[in-house]
Amino acid sequence: MRASPTLTAYGRHYFAPPRTLVSLHRHNSAPLFNLSLFTAFRSPFSRMEVRKIPHPLSLSLSLAINLYSCFLLLIFYFAESTELYSSDSICLETLKLDSIWLETGNKAMVENLKRFGVTSSKKVAEVMEALDRGLFVPVGSSAYADTPLPIGYNATISAPHMHATCLQLLEDKLQPGMRALDVGSGTGYLTGCFALMVGAEGRVVGVDHIPELVDMSIKNVEKSVAGSLLQKGSLSLHVGDGRKGWEEFAPYDAIHVGAAASEVPQALLDQLKPGGRMVIPVGTYFQELKVIDKSEDGSIKTRTETSVRYVPLTSRDEQTGGF
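Residues numbered from 1 in each chain as written. Predicted model: local features only at pLDDT ≥ 70, side-chain atom pairs only at ≥ 80, totals over all residues. Heavy atoms only, no water.

**Q** I would appreciate a short explanation of the overall build of the protein chain in the present structure.
**A** A tally of regular secondary structure across the protein chain gives 10 helices and 13 strands. In the protein chain, which comprises 323 residues, the proportion classed as buried is 53%. The contacts in the protein chain between residues at least 6 apart in sequence include a share of 61% that link residues at least 24 apart. (Helix = DSSP H or I, 4+ residues; strand = E, 2+ residues; numbered from the N terminus. Buried < 20%, exposed > 50% of the residue type's maximum accessible area, 1.4 Å probe, protein only. Contact = heavy atoms within 4.5 Å.)

Shown next, in the form of structure tokens:
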């Protein structure tokens, strides 16, 4: 008996029966071209339908379908030079997002994340609801839509579902009094979430190699509920090469990297505390979100959470083109 088609979203596997909320358009081709290629990528918050082209198909139609699918996949993997496709959540626009997801505010955004099973953590939901994402995105952006947004300098702020995913993966290492490092801190949103979780007795460091983004992140945090933690010194944002970490306050219970590394930087492994955890996307065109745990004896255990798409973790000159 042939198994039902499945897909992975947020690290979980789903069956894809017709008319499901978490599904994709999929073409079934003729036996000679037995390919199953996705032709649309969309957040599961958008209602979509699995459609099959019924058998039998003519050879020419089957070939045309598969060539079209391959063309879309080539766009997905090789159009990374533009900010739209250099993000952690890629979609080839075929259907329109539900207007309610685009138009509602911060609280409704968090409610949607809970409703669709992105996060089950009460603490993560509380923190994301307290820290208004709208303060951390460019003016005029769809702050509460489940999509990454360009923030300038060939960088993006991750989609809300990725923030929730990373916060939940690191929750046990973001307890009051613990230390966290956010590499590629961007506009400061996730760094601020970390600070709210560890509290005034903890220590959170954000590092980004774009000075203008660091200045922006400081102003953003000052306007938010995390502003008092910045003033007290338990939260700080610095200009630096995040691949080298931030040794001054190491070791860290939690390390988050907001850009994809070709391999895990040794400096970050060295600055990870025994018993600590790092969440980092690894790869180039094909990327995976890695969860790295360091045991008390210093040994490293790595597992893959899910497939992702992030901007590359690189030097400032390579990211900005030398400007």
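**Q** Looking at this model, I keep getting lost on the packing of aromatic side chains. Mind explaining?
**A** How two aromatic rings sit relative to each other is given by the distance of their centres and the angle of their planes. In the structure shown here, the tally under the stated rule is 1 aromatic pair. The interplanar angle of 75 degrees and the centroid separation of 5.6 Å between the aromatic rings of Phe 136 and Tyr 189 together place this pair among those described as edge-to-face. Highlighted residues: Phe 136 in the loop between helix H4 (122-130) and strand E5 (149-152) and Tyr 189 in helix H6 (residues 189-198), separated in sequence by 53 residues. Each member of the pair, Phe 136 together with Tyr 189, is buried. The side chain of Arg 203 reaches across the aromatic face of Phe 249, ending 3.8 Å from its centre. (Phe/Tyr/Trp six-rings, centres within 6.5 Å; stacked < 30°, edge-to-face > 60°. Lys NZ or Arg CZ within 6 Å of the ring centre and 35° of its normal.)

**Q** How do you make sense of the pattern of salt bridges when you look at a structure like this?
**A** For side chains bearing opposite charge, pairing can occur when the charged atoms are close. In the structure shown here, the tally under the stated rule is 6 salt bridges. Salt-bridge contacts for Arg 243 lead to Asp 241; the nearest nitrogen and oxygen are separated by 2.9 Å. Overall, the relative accessible area of 29% leaves Arg 243 in the partly exposed class. For Asp 253, the salt bridge is made with Lys 273, and the minimal N-O distance between the two is 3.6 Å. Of the two residues, Asp 253 sits in strand E10 (residues 252-257) while Lys 273 sits in strand E11 (residues 272-283), which places them 20 residues apart along the sequence. (Salt bridge = Lys/Arg side-chain N within 4 Å of Asp/Glu carboxyl O.)

**Q** Looking at this structure, I do not really get the sheet that holds strand E8 (residues 203-208). What am I missing?
**A** Adjacent strands of a sheet pair through backbone hydrogen bonds, lying either parallel or antiparallel. Pairing is mixed in the open sheet, where 7 strands are placed in the order E9-E8-E7-E10-E11-E12-E13. The open sheet has two edge strands, strand E9 (235-239) and strand E13 (300-308), and neither has a second partner. The average undirected angle you get between the axes of adjacent strands in this sheet is 15 degrees. Where E10 meets E11, 4 bridges bridge the pair, whose relative direction is parallel. Along E11, the bridge assignment pairs Ile 255 with Met 278. Sheet strands in contact with helix H7 (residues 211-222) are E8 and E9, and its direction is about 165 degrees off that of E9. (Pairing = 2+ DSSP bridges. Axes fitted to C-alpha atoms, helices over the stretch in contact; angles between N-to-C directions.)

**Q** Would you take a moment to explain the packing of helix H3 (residues 106-115) against H4 for this structure?
**A** Relative orientation and spacing of two packed helices are given, respectively, by the angle between their axes and the distance between those axes. Between H3 and H4, the least distance of the axes is 8 Å, while the angle of their chain directions is 155 degrees. Accordingly, the angle class assigned to the pair H3 and H4 is roughly antiparallel. The crossing of H3 and H4 is right-handed. When H3 is examined against H4, the residues Asn 106, Lys 107, Met 109, Val 110, Glu 111, Leu 113 and Lys 114 are found in contact with a partner set consisting of Ala 125, Met 128 and Glu 129. Considering only residue class, the contact of H3 with H4 consists of 5 nonpolar, 1 polar and 4 charged. (Parallel < 35°, antiparallel > 145°, perpendicular 65-115°, else oblique. Left-handed = near helix turned anticlockwise from the far one by under 90°. Nonpolar A, V, L, I, M, F, W, Y, C, P; charged D, E, K, R; others polar.)

**Q** What is the right way to read the nonpolar core from this model?
**A** As a rule of thumb, soluble globular proteins bury nonpolar side chains together. Membership of the largest hydrophobic core comes to 49 residues, with the highest contact counts inside it found for Met 128, Leu 167, Leu 174, Tyr 189, Phe 194, Leu 235 and Leu 289. For this core, the element with the most residues is H6, which contributes 7 residues. Apart from residues no more than four positions distant in its own chain, Leu 174 is found in contact with Leu 167, Ala 180, Phe 194, Met 197, Val 198 and Ala 254. With 20 residues, the next largest nonpolar core counts Ala 259, Leu 272, Val 311 and Leu 313 among its residues. (Core = buried A, V, L, I, M, F, W, Y, C linked by side-chain atoms within 4.5 Å.)

**Q** Is there a simple way to explain the pairing of E8 in this structure?
**A** A regular strand carries its side chains on alternate faces of the sheet. With respect to burial, E8 is a largely interior element, 6 of its 6 residues being buried. Neither face of E8 is left uncovered, since the one carrying Arg 203, Val 205 and Val 207 and the one carrying Val 204, Gly 206 and Asp 208 both have all their residues buried. The pairing of strand E7 (residues 179-183) with E8 spans 5 bridges and is parallel. Directly across from Leu 181, in E8, lies its bridge partner Val 205. For the crossover that starts at E7, traverses H6 and ends in the parallel E8, the hand is right-handed. (Right-handed = clockwise from strand over helix to strand, strands pointing away.)

**Q** Would you explain H3 in this entry?
**A** Given 3.6 residues per helical turn, the α-helix brings residues three or four places apart onto the same face. Within H3, burial applies to Asn 106, Met 109, Val 110, Asn 112 and Leu 113. The buried residues of H3 occupy one face: seen down the axis, they fall within an arc of 155 degrees. Exposed and facing more than 90 degrees away from the buried side of H3 are Lys 107 and Arg 115. Note on H3: the residue one or two positions beyond its end, Gly 117, has a positive phi of about 75 degrees. (Arc of directions from axis to C-beta.)

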